[in-house]
Each structure stands twice: as C-alpha cells, then as structure tokens.
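Examination of the molecular architecture
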Amino acid sequence: MIKQAIIPLAGIGSRLLPLSSVIPKELLPINGRIGLEYIIDECIESGIKEIIFIISNKKEMIKKYFYSDALFKKIIKNKKDKRIINEYKKIKKYKKMIKFVYQNKPLGTGDAVLKTRKIIKDKYFLMLLPDDLIINKNCSKSMISVHNKYKSSVMASMNVSKKNVSRWGIYSLKKKLPNNNFIIKGVVEKPKMNNAPSTKAVIGRYILPKSIFKKLLKQKKGKGGEIHITDAIQALINENYKFIGHNFAGKYLDCGTMNGYIKSTINISKI
Ligand code: G1P
C-alpha cells in the first residue's frame, strides 16, 4: 500500500512571472480552484493518507492557505452560506492530511526529496510535481495499480517531439510490458537532441523506493548545478532496482509555463 505522497513546492516559479511574483504559482487559480487542489485530489482519490509539502520560507503563503481559518469562521458565524461552509470543510480535510517540511535553497528536485527522509515510513512513496497536471484519468491511481502488480518503482511517461527532448528527463527502454508499461533501462536528465535515447519523457509522477534516500545523501550536483532525482534513480537502476515506465492515459497539462498555464485553464474549464 502506498500511503504517503510528497509534493516539492519550493521552486521560485520564474516561468510564470509576473503572476508568481507575490503569489506562489501553486496557489494560482485554474477554473475557480487553486492548481494545487487538483494535485491533492489526485492523491486522495488514489488512497493516499498523508501528503508532505516541501515548501520554502519564501512560500509560507501555501501554509497560510490551509491554516488561516479566521475569515471562514467569521463569515460562517454571521451568515450560513452553504458554498463557503463546504469550502471550509474541504480546507479542513486537506489540512488534516498535510505535513510541511522546508527546502530553503533551490538545490533541485533530488534535494527536495531528501528533506522528507525522516518522515517517509513505508518502503515506497509517491511524488507528484505540481507543474504537471494530468486530467481525465487519475495517473497516480493507475501507477499504484502497476506498482501493486510488479512490486516495483513506477514513473509516468509521455511521448514528446524530438526537438523538445532537452526540456525533460528521457528514458531508455529495456523491455515492453503489457498495458502501456515498459521496463526502464536508464534515464537521463535533459539530453541534447542528438544524445537522447528515446522520445519518451519523464512526467512528474514517481513511485519511489525508500532506498532512494541512501543515493541522494551521496548524490553529486548534476546538470545546471542541481541535485536531480533522475541521477539518483539511475544510480538505483545501476544496482538492478526495477523501475517501470507507465505511458499514462490521461491528458497532460503543463502549468509551469505561462503559455501552458493559460491552456490548462481553457482545457479544465471544458471538462
Ligand atoms: C523535472 C525533472 C525532469 C522531468 C520534469 C517533468 O524537470 O527534472 O526529469 O522530465 O520535471 O515535468 P523540471 O520541470 O523541474 O525542469
């Protein structure tokens, strides 16, 4: 059973400036809800019981969003607005399952994961990158089924065009499996077009083993001077850990860039 999920939220959000200059990008609204809510709901529907937010001291506003209930209480006391009562109940439900840890220096996704080392209890946990929204089909839920079947790590995969490979982590494939899954031979962070082993990209959903922490503790900085989760995953694959790629069925929306954010709003409003 996968019960814990982690969400790295310490990124500075430069690709969404000026919208992210005061408001953390994960609190920006998408069709009447904050973007982060879609990610939390994906976790809840997948059976996750505890969500760990990795924030920074510059993004305390995320904590406030779930903790400041004075206004809710005041309004509910004075007028019994059903919509507001329901929203308040929802926020209280979320608050109960969220824990916070801090990553005050943006040293990369691998470093963010390392900050959760002392809280992760089970052998495997889920990680969701909040810029990557997947709609129409719950990707985490499908990945957890794959995990239950193969008892291995699982990562989301999507085909991208050759000219865009340097934006993503890219897989090399060992063996095809049924139902759009494959065994991962390797993964490389943001390769140049000519060095890319495939056009299958890593999308931000990972079921990782607890043993990744051992690797992260020793992980040297990689591309761009950051500690990449991709490099720690490769280190585990080198030791014969099984990682499965899952070509997910849902629709991918990139909320981390301005153009993608605008498109996400349009797409989600049509559901
Ligand atoms: C991160 C990962 C990359 C992955 C991507 C998915 O990159 O490092 O391997 O393909 O998320 O969104 P970032 O978006 O932080 O540059």
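Please refer to the structure placed before this passage.
Residue numbers here run from 1 along each chain, matching the order of that chain's written sequence. Whole-chain, interface and lining totals are the exception, using all residues; otherwise, since this is a predicted model, local features are given only for residues with pLDDT of at least 70 and side-chain atom pairs are given and counted only at 80 or more. The side-chain values count all of the structure's non-hydrogen atoms but skip hydrogen atoms and water molecules.

**Some thoughts on the overall build of the protein**
A tally of regular secondary structure across the protein gives 9 helices and 13 strands. The reference for a compact globule is 2.2 Å times residues^0.38; the radius of gyration itself is calculated from the C-alpha atoms. Taking 2.2 N^0.38 as the reference for a compact globule, 271 residues should give roughly 18 Å; the C-alpha atoms of the protein span a radius of gyration of 19 Å, in line with that estimate. Overall size of the protein, expressed as C-alpha extent along the three principal axes, is 60 × 40 × 35 Å. Throughout this description, buried means an accessible area under 20% of the type-specific maximum (1.4 Å probe, protein chains only), exposed means over 50%, and partly exposed covers the range between. Every one of the 271 residues in the protein was classed for burial, and the buried ones make up 53%. Considering only residue pairs separated by 6 or more positions, the protein has 77% of its internal contacts joining residues 24 or more positions apart. Surface accessibility of the protein: about 13900 Å² in total, with carbon and sulfur atoms responsible for 54%. Charged side chains in the protein number 55 positive and 19 negative. The centres of these two groups are separated by 3 Å. Helix and strand labels come from DSSP, where a helix needs a run of H or I of at least four residues and a strand needs a run of E of at least two; each type is numbered from the N terminus. Two residues form a contact once any of their heavy atoms are found within 4.5 Å. To measure how exposed things are, a 1.4 Å probe is used in the Shrake-Rupley method; for residues, cover is taken only from the protein chains shown. Charged residues are defined here as Lys and Arg on the positive side and Asp and Glu on the negative side; His and the ends of the chain fall outside this count. By convention, the point assigned to a charge is CZ for Arg, NZ for Lys, CD for Glu and CG for Asp.

**A short note on the packing of aromatic side chains**
Only Phe, Tyr and Trp rings take part, Trp by its six-membered ring, and two of them pair if their centres are within 6.5 Å. Stacked means planes under 30 degrees apart, edge-to-face means over 60, and tilted covers everything else. Taken as a whole, this structure holds 9 aromatic pairs when the rule is applied. Aromatic side chains Y67 and F100 sit 6.1 Å apart centroid to centroid with 65 degrees between the ring planes, which places their arrangement in the edge-to-face category. Residue Y67 is located in helix α2 (residues 60–67), and its partner F100 is located in strand β5 (residues 98–102); the two are separated by 33 residues in the primary sequence. Criterion for a charge above a ring: Lys NZ or Arg CZ within 6 Å of the ring centre, and within 35 degrees of the ring normal. When the ring centre of Y67 is taken as reference, the NZ or CZ atom of K95 above it lies at 4.8 Å. Geometry around W168 places R167 over its ring, the cationic atom sitting 4.3 Å from the centre.

**Side note on the site of the ligand**
In the neighbourhood of the ligand, the contacting residues comprise R15, L129, D132, R167, W168, G169, E189, K190, V202, G204, Y206 and T230. Contact between the ligand and R167: an oxygen atom at 3.2 Å from a side-chain N or O atom of the residue. We define a polar contact as two N or O atoms separated by no more than 3.5 Å, with the added condition that, inside protein, one atom must be a possible hydrogen donor and the other a possible acceptor, whereas residues neighbouring each other in sequence contribute only through side-chain atom pairs. Between V202 and the ligand, the recorded distance is 2.6 Å, taken from a backbone N or O atom to an oxygen atom. Protein chains bury 84% of the 380 Å² of accessible surface belonging to the ligand in isolation. Of all the elements, strand β11 (residues 200–209) adds the most residues to the shell around the ligand, at 3 residues. In the shell around the ligand, the residues fall into 4 nonpolar, 3 polar and 5 charged. Working definition: residue near molecule or strand if any one of its non-hydrogen atoms lies within 4 Å of it. In this classification, Asp, Glu, Lys and Arg are treated as charged, Ala, Val, Leu, Ile, Met, Phe, Trp, Tyr, Cys and Pro as nonpolar, and every other residue, Gly included, as polar.

**Regarding the pattern of salt bridges**
In the sections that follow, a salt bridge refers to a side-chain nitrogen of Lys or Arg positioned within 4 Å of a carboxyl oxygen of Asp or Glu. According to the stated counting rule, one finds 15 salt bridges in the structure shown. Note that K59 is salt-bridged to E26, the shortest N-O span being 3.0 Å. Placement of the pair is K59 in the loop between β4 (50–55) and α2 and E26 in the loop between β1 (4–8) and β2 (29–30), with a sequence separation of 33 residues. Residue E26 is classed as buried on the basis of its relative accessible area of 5%. Between E42 and R205 there is a salt bridge, with its nearest N and O atoms 2.8 Å apart.

**A look at unusual backbone geometry**
Cis rather than trans, the peptide bond between L17 and P18 has omega equal to 5 degrees. Structurally, the position occupied by P18 is in the loop between β1 and β2. Despite not being glycine, N180 has its phi angle at roughly 65 degrees, a positive value. Within the secondary structure layout, N180 lies in the loop between β9 (169–177) and β10 (181–189).

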